[in-house]
Amino acid sequence: MEKITLTKPDDLHVHVRDGDYLRAVVPELARRFARAIIMPNLTPPVTTVSQALAYRERIFAALAPGQQFQPLLTLYLTDNTPAEELRKAAASGVIHGVKLYPAGATTNSDAGVTDIGKVYPLLEVLAETRLPLLIHGEVTDREIDIFDREQVFIDRILAPLTERLPELRIVLEHITSEAAATFIGEQHGDIAATITAHHLLFNRNDMLAGGIRPHMYCLPILKLERDRQALLQAATSGNPRFFLGTDSAPHGRTRKECACGCAGIYTGHNALELYAEAFAAQNALPRLEAFASHYGADFYGLPRNRERVTLLREEWQMPEQIAFGADQLIPLRAGGRMAWRLADNG
Ligand code: NCD
Ligand code: ZN
């Protein structure tokens with residue numbers, strides 16, 4: 001296949017940051033995606049509907065002239081979120097999910113939930129209002145190995161949660177393990193998972209063998225080849241519980257290349273092309289459209305997009321770096337060859 005045309009996709013999990021940084025990433029996001037679930041882990045986090053509405057305006061202001069794009073906002077759940085704010089969010093029409101970060105799990109998660117037991121009454125409000133709970137699924141206990149944190153989260157927190165609140169709509173975000181793919185694949189309720197392009201293309205050797213590559217460090221961390229194979233299987237299976245979420249997470253180079261670098265991989269300038277590469281390698285390109293453009297919209301109760309985008313099998317070179325305020329972003333595949341190119345009308 002030399003060319004593939006699909007319904008314009010949605011990115012169901014992305015970080016676009018704030019201030020000047022928005023302008024570096026939002027136009028490229030809007031070229032590839034009609035809508036995106038925007039993560040609320042700013043500093044300070046987006047915890048109220050009014051903060052989310054103001055953030056939405058700043059995202060609109062960062063679009064290139066003439067671009068159409070719909071940001072789907074989320075609220076950051078804390079131990080102290082008022083139930084009333086969640087009801088307001090559900091009624092707002094612009095808030096599409098509430099994000100649960102276990103406190104300390106990842107970038108800007110200090111204000112996250114310290115103990116799921118404390119927020120059960122809030123989760124009951126979500127179940128009642130049908131607003132999805134979006135979960136960063138990792139435990140944070142020091143004694144749990146970083147490569148096991150997703151699986152332990154499923155066993156200790158997620159499985160009991162689905163039993164106790166079966167009507168809660170859940171997205172387990174950016175799954176990275178065979179355990180997560182199996183768990184989600186076997187569920188019956190309103191539970192789904194997003195999968196990133198980088199977890200479909202790389203394993204932990206790519207990050208660590210022959211030298212440490214800080215721009216391939218993200219959370220949940222890249223795992224084993226057998227985990228990658230399980231994710232590929234899930235993404236290309238045609239099971240609507242698995243859909244696209246890039247988790248593109250831009251950080252300036254100076255915050256990545258240092259003694260304690262931030263977690264986050266940046267794929268905002270090539271995510272869709274990378275997914276095409278992963279699907280093509282599985283001979284599954286015909287399944288890309290449903291994964292990228294149908295299942296996520298269906299889960300979130302949104303109409304499927306009407307615009308279309310075209311990807312051409314045509315080599316191009318990823319830039320070595322991208323301006324990011326006063327700093328630079330080092331994108332995934334920096335300086336390397338890309339096999340698929342987004343056609344200009346896309
Ligand atoms: C994300 C970020 O930088 O905001 N980092 C990451 O490695 N994915 C946070 C997150 O989604 O975990
Ligand atoms: Zn993320």
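Analysis parameters
- Residues numbered from 1 in each chain as written.
- Chains lettered and ligands numbered in written order.
- Predicted model: local features only at pLDDT ≥ 70, side-chain atom pairs only at ≥ 80, totals over all residues.
- Heavy atoms only, no water.
- Helix = DSSP H or I, 4+ residues; strand = E, 2+ residues; numbered from the N terminus.
- Buried < 20%, exposed > 50% of the residue type's maximum accessible area, 1.4 Å probe, protein only.
- Contact = heavy atoms within 4.5 Å.
- Lys, Arg positive; Asp, Glu negative; His and termini not counted.
- Charge placed at Lys NZ, Arg CZ, Asp CG, Glu CD.
- Phe/Tyr/Trp six-rings, centres within 6.5 Å; stacked < 30°, edge-to-face > 60°.
- Donors = N, O, S within 2.8 Å, 3.2 Å for Na, K, Ca; no water.
- Tetrahedral: all angles 85-135°; square planar, octahedral: opposite > 155°, others 65-115°.
- Polar contact = N/O pair within 3.5 Å; in protein donor to acceptor, adjacent residues only side chain to side chain.
- Axes fitted to C-alpha atoms, helices over the stretch in contact; angles between N-to-C directions.
- Parallel < 35°, antiparallel > 145°, perpendicular 65-115°, else oblique.
- Nonpolar A, V, L, I, M, F, W, Y, C, P; charged D, E, K, R; others polar.
- Core = buried A, V, L, I, M, F, W, Y, C linked by side-chain atoms within 4.5 Å.

Engineer: A description of the overall build of the protein chain should follow, citing residues and the corresponding values.
Structural biologist: Scanning the protein chain from N- to C-terminus turns up 12 helices and 13 strands. Here the protein chain holds 346 residues, and 60% of them are scored as buried. Expressed as a percentage of contacts within the protein chain between residues at least 6 apart in sequence, the contacts between residues at least 24 apart total 73%. Separation of charge centres in the protein chain, based on 36 positive and 42 negative side chains, amounts to 4 Å.

Engineer: Please give an account of the packing of aromatic side chains that cites residues and values.
Structural biologist: Taken as a whole, this structure holds seven aromatic pairs when the rule is applied. Between Phe 243 and Phe 299, the aromatic rings sit 5.9 Å apart at their centres with planes inclined by 40 degrees, giving tilted as the arrangement. Remark: Phe 299 occurs in helix α12 (residues 288-299) and Phe 243 occurs in strand β9 (residues 242-244); sequence separation between them is 56 residues. Assessed through its relative accessible area of 0%, Phe 243 is described here as buried.

Engineer: Please give an account of the coordination of the zinc ion (ligand 2) that cites residues and values.
Structural biologist: Here the zinc ion (ligand 2) is held by the protein donor atoms His 13 (NE2), His 15 (NE2) and Asp 247 (OD), which lie 2.0 to 2.1 Å from it. Coordination at the zinc ion (ligand 2) is irregular: its four donor atoms span angles of 94 to 139 degrees at the metal. In primary-sequence terms, the residues that donate to the zinc ion (ligand 2) follow H-x1-H-x231-D. Here the residue His 15 occupies a position in the loop between β2 (10-14) and α1 (21-32), and Asp 247 occupies one in the loop between β9 and α10 (253-256), the gap between them amounting to 232 residues. For His 15, a relative accessible area of 8% gives the class buried.

Engineer: Mind laying out the environment of Thr 74, listing which residues take part and the relevant values?
Structural biologist: Inspection of the secondary structure assignment puts Thr 74 in strand β4 (residues 70-76). When its relative accessible area of 0% is taken as the criterion, Thr 74 is described as buried. Thr 74 sits 25 residues away from Val 49 along the chain, and the two C-alpha atoms are 8.8 Å apart. For Thr 74, the side chain forms a polar contact with the main-chain oxygen of Ile 38, separated by 2.6 Å.

Engineer: Help me get a handle on the packing of α1 against helix α2 (residues 49-61), residues and values and all.
Structural biologist: Look at α1 against α2: their axes get within 9 Å of each other, and the N-to-C directions meet at 70 degrees. The orientation of α1 with respect to α2, classified from their angle, is roughly perpendicular. When α1 is examined against α2, the residues Leu 22, Arg 23 and Val 26 are found in contact with a partner set consisting of Tyr 55, Arg 58, Ile 59 and Ala 61. Taken together, the residues of the contact of α1 with α2 break down into five nonpolar, no polar and two charged.

Engineer: Lay out the nonpolar core in plain terms, naming residues and giving numbers.
Structural biologist: Counting residues in hydrophobic clusters, the biggest one holds 104 residues, and the most contacted among them are Val 16, Leu 77, Leu 123, Leu 158, Leu 161 and Leu 288. No other element matches the seven residues that helix α11 (residues 271-281) contributes to this core. Discounting residues that sit within four places of it in the chain, Val 16 has contacts with Tyr 21, Leu 22, Val 25, Val 26, Leu 29, Ile 38, Tyr 55 and Ile 59. Residues Tyr 101, Val 171, Ala 290 and Phe 299 belong to the second largest nonpolar core, which totals 16 residues.

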